[in-house]
Amino acid sequence: MVVIGVTFLAYLLSYLSPTDPATRYFTDHGVVPSAEELAAKRHELGLDRPFLDQYLSWMSAVFTGDLGESYRSGRSVSGSLMACLPYTLALTGTSMLVTLIIALPLGLLCAVRKDGIVDNIVRAISYLFCSLPTFLVAFALLYLMSVRLHWFPVRSTPDLAGIVMPTLAMALPLSAWYVRQVRTIALEQLSAPYVEGLRSRGISERSILFRHVLKNSLLPILALVAISIGSLLGGTAIVESIFNWPGVGNLSVAAIGARDYPVVQGYALLMALVYLLVNFLVDVAYRIIDPRIGKEG
């Protein structure tokens, strides 16, 4: 039902768009069409049919694995999306990894040093980055690392060097939010009765922190990861466009600009399926970490 709802909404918004794809096709080719040529193009693209007829035809084709063809390039939509998907997944994965590498130790350190100098400094910096939109961080990284320091080219290349700045642009604001969340989760665990029991038995603070507090914090952190991956997948569109990273987000932004609706609809379907898959994998991870979850109910 989620997938149907997402695809229906995407199709409806495309249908209600004030710019006609047939008109945009002629505009991109520098042609002023006659009424007959415009009507013929609309008929060729199937745009002269009722909305529900178009949507149901598209959905029936989706079940056979056919997402249609791009208005702009004439290529298969599914082929274009599958060619770009690995780049988006790589960017999402590296962003999530860098976020956890930054946030977990800093969040735990802030919890252990609550209201100390380090805690106050880290929280102040996290508040700053939480208030910055991703695109602003991206432009700041471009200016600093490309224009001033010349460490990376302005236009990213589809390799390990090219993924660095897009990853940082997405990971830095998310890390700031994660530090605060991990700190809160760790403080709740540190104030739990079992921690006092462990201390009374002479267990070292390091062991309590990493073997017990961190382990018991994994479930709420996994919930954060599930939410974050969805936002990262959606947020890659702007970052990919800024850095020209060849992912599905960049493809979808170009498709929206060109009114290439088959690509936009295929993108919406793909992201919905990936998001559902991620949530399924997180549910599986829940049961692996805490087998009691699978036995409840």
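Reading the values: the criteria
- Residues numbered from 1 in each chain as written.
- Predicted model: local features only at pLDDT ≥ 70, side-chain atom pairs only at ≥ 80, totals over all residues.
- Heavy atoms only, no water.
- Helix = DSSP H or I, 4+ residues; strand = E, 2+ residues; numbered from the N terminus.
- Rg over C-alpha atoms; globule rule 2.2 N^0.38 Å.
- Contact = heavy atoms within 4.5 Å.
- Areas by Shrake-Rupley, 256 points an atom, 1.4 Å probe, with all protein chains shown as cover.
- Lys, Arg positive; Asp, Glu negative; His and termini not counted.
- Charge placed at Lys NZ, Arg CZ, Asp CG, Glu CD.
- Core = buried A, V, L, I, M, F, W, Y, C linked by side-chain atoms within 4.5 Å.
- Buried < 20%, exposed > 50% of the residue type's maximum accessible area, 1.4 Å probe, protein only.
- Patch = residues over 30% accessible without salt bridge, like charges linked within 9 Å, V, L, I, M, F, W, Y side chains within 5 Å.
- Salt bridge = Lys/Arg side-chain N within 4 Å of Asp/Glu carboxyl O.
- Phe/Tyr/Trp six-rings, centres within 6.5 Å; stacked < 30°, edge-to-face > 60°.
- Expected span 1.5 Å × (residues − 1).
- Arc of directions from axis to C-beta.
- Axes fitted to C-alpha atoms, helices over the stretch in contact; angles between N-to-C directions.
- Parallel < 35°, antiparallel > 145°, perpendicular 65-115°, else oblique.
- Nonpolar A, V, L, I, M, F, W, Y, C, P; charged D, E, K, R; others polar.
- Polar contact = N/O pair within 3.5 Å; in protein donor to acceptor, adjacent residues only side chain to side chain.
- pLDDT = per-residue confidence, 0-100.
- Left-handed = near helix turned anticlockwise from the far one by under 90°.

(A) Structural context of the overall build of the protein. When you go through the protein residue by residue, the secondary structure sums to 14 helices and 0 strands. Helices and strands in the protein line up, N terminus first, as α-α-α-α-α-α-α-α-α-α-α-α-α-α. The C-alpha radius of gyration of the protein comes to 24 Å, more than 25% above the 19 Å expected for a compact globule of 297 residues. Each principal axis of the C-alpha atoms in the protein carries an extent, and together these give about 85 × 55 × 30 Å. At a minimum sequence separation of 6, the contacts of the protein that also span at least 24 residues come to 74%. Looking at the protein as shown, the accessible area adds up to about 16,100 Å², and 67% of this sits on carbon and sulfur atoms. For the protein, the centre of its 22 positive side-chain charges and the centre of its 20 negative side-chain charges are spaced 14 Å apart.

(B) Inspection of the nonpolar core at higher detail. Counting 59 residues, the largest nonpolar core has L81, F243 and V248 as its most contacted members. Top contributing element to this core by residue count: helix α11 (residues 218-243), with 12 residues. When sequence neighbours within four positions are dropped, the list of residues in contact with L81 reads L67, V248, L251, G266, Y267 and L270. Core analysis: the second largest hydrophobic core is formed by 9 residues, L108, V195, L198 and L209 among them.

(C) Molecular detail of a nonpolar patch on the surface. Together, L277, F280, L281, V284 and I288 make up a nonpolar patch on the protein surface, roughly 500 Å² of accessible area in all. With respect to the helices, strands and loops of the structure, L277 is situated in helix α13 (residues 261-289).

(D) Quick look at the packing of aromatic side chains. A complete count under the given rule lists 10 aromatic pairs for this structure. Here the aromatic rings of F135 and F139 are separated by 6.5 Å at their centres, their planes lie at 80 degrees, and the arrangement is edge-to-face. One end of the pair, F135, and the other, F139, are both in helix α7 (residues 134-148), 4 residues apart, so they sit about a helical turn from each other. Taken together, the ring pairs connect F8, Y11, F51, Y55 and W58 into an aromatic cluster.

(E) Here's a closer look at the side chain of S175. Structurally, the position occupied by S175 is in helix α8 (residues 164-190). Using a relative accessible area of 3% as the deciding quantity, one classes S175 as buried.

(F) Region of interest: helix α6 (residues 117-130). Compared with the 20 Å implied by 1.5 Å per residue over 14 residues, the 20 Å span of α6 between its first and last C-alpha is a close match. For α6, the set of buried residues is D119, V122 and S126. The buried residues of α6 occupy an angular sector of 75 degrees when projected down its axis, which confines them to one face.

(G) Spatial organisation of the packing of α11 against helix α12 (residues 248-257). Relative to each other, α11 and α12 sit at 85 degrees, their axes nearing to 7 Å. With respect to each other, α11 and α12 are oriented roughly perpendicular. Seen from α11, the contacting residues are A237, E240 and S241; seen from α12, they are V248, G249, N250, S252 and V253. Of the residues contributing to the contact of α11 with α12, the split by class is 3 nonpolar, 4 polar and 1 charged.

(H) Structural context of the environment of S95. Tracing the backbone shows S95 in helix α5 (residues 77-112). Given the relative accessible area of 0%, S95 is considered buried. Apart from the residues lying within four places of it in its own chain, the contact partners of S95 are P166, T167, M170, A171 and L232. At a separation of 2.7 Å, a polar atom in the side chain of S95 contacts the main-chain carbonyl oxygen of L91.

(I) Representation of the confidence of the model for the protein in the model. Averaged over all residues, the pLDDT of the protein is 85; the fraction at 70 or higher stands at 97%. The secondary-structure element of the protein with the lowest mean pLDDT is helix α14 (residues 292-295), recorded at 58, while α5 shows the highest, at 92.

(J) Main features of the pattern of salt bridges. Summed over the entire model, instances satisfying the criterion amount to 7 salt bridges. Across the pair E44 and K41 runs a salt bridge whose closest N-O atoms are separated by 3.4 Å. Here E44 and its partner K41 are both found in helix α3 (residues 35-45), 3 residues apart, which amounts to about one turn of the helix. Measuring nitrogen to oxygen at the nearest pair gives 3.6 Å for the salt bridge that ties R123 to D115.

(K) How the structure looks around the packing of α12 against α13. Packing of α12 against α13 brings their axes to within 9 Å, and their N-to-C directions diverge by 145 degrees. Note on packing geometry: the crossing formed by α12 with α13 is left-handed. Facing V248, G249, L251, S252, A255 and I256 of α12, the residues of α13 in contact are V263, V264, Y267, L270 and M271. Split into classes, the residues belonging to the contact of α12 with α13 amount to 9 nonpolar, 2 polar and no charged.

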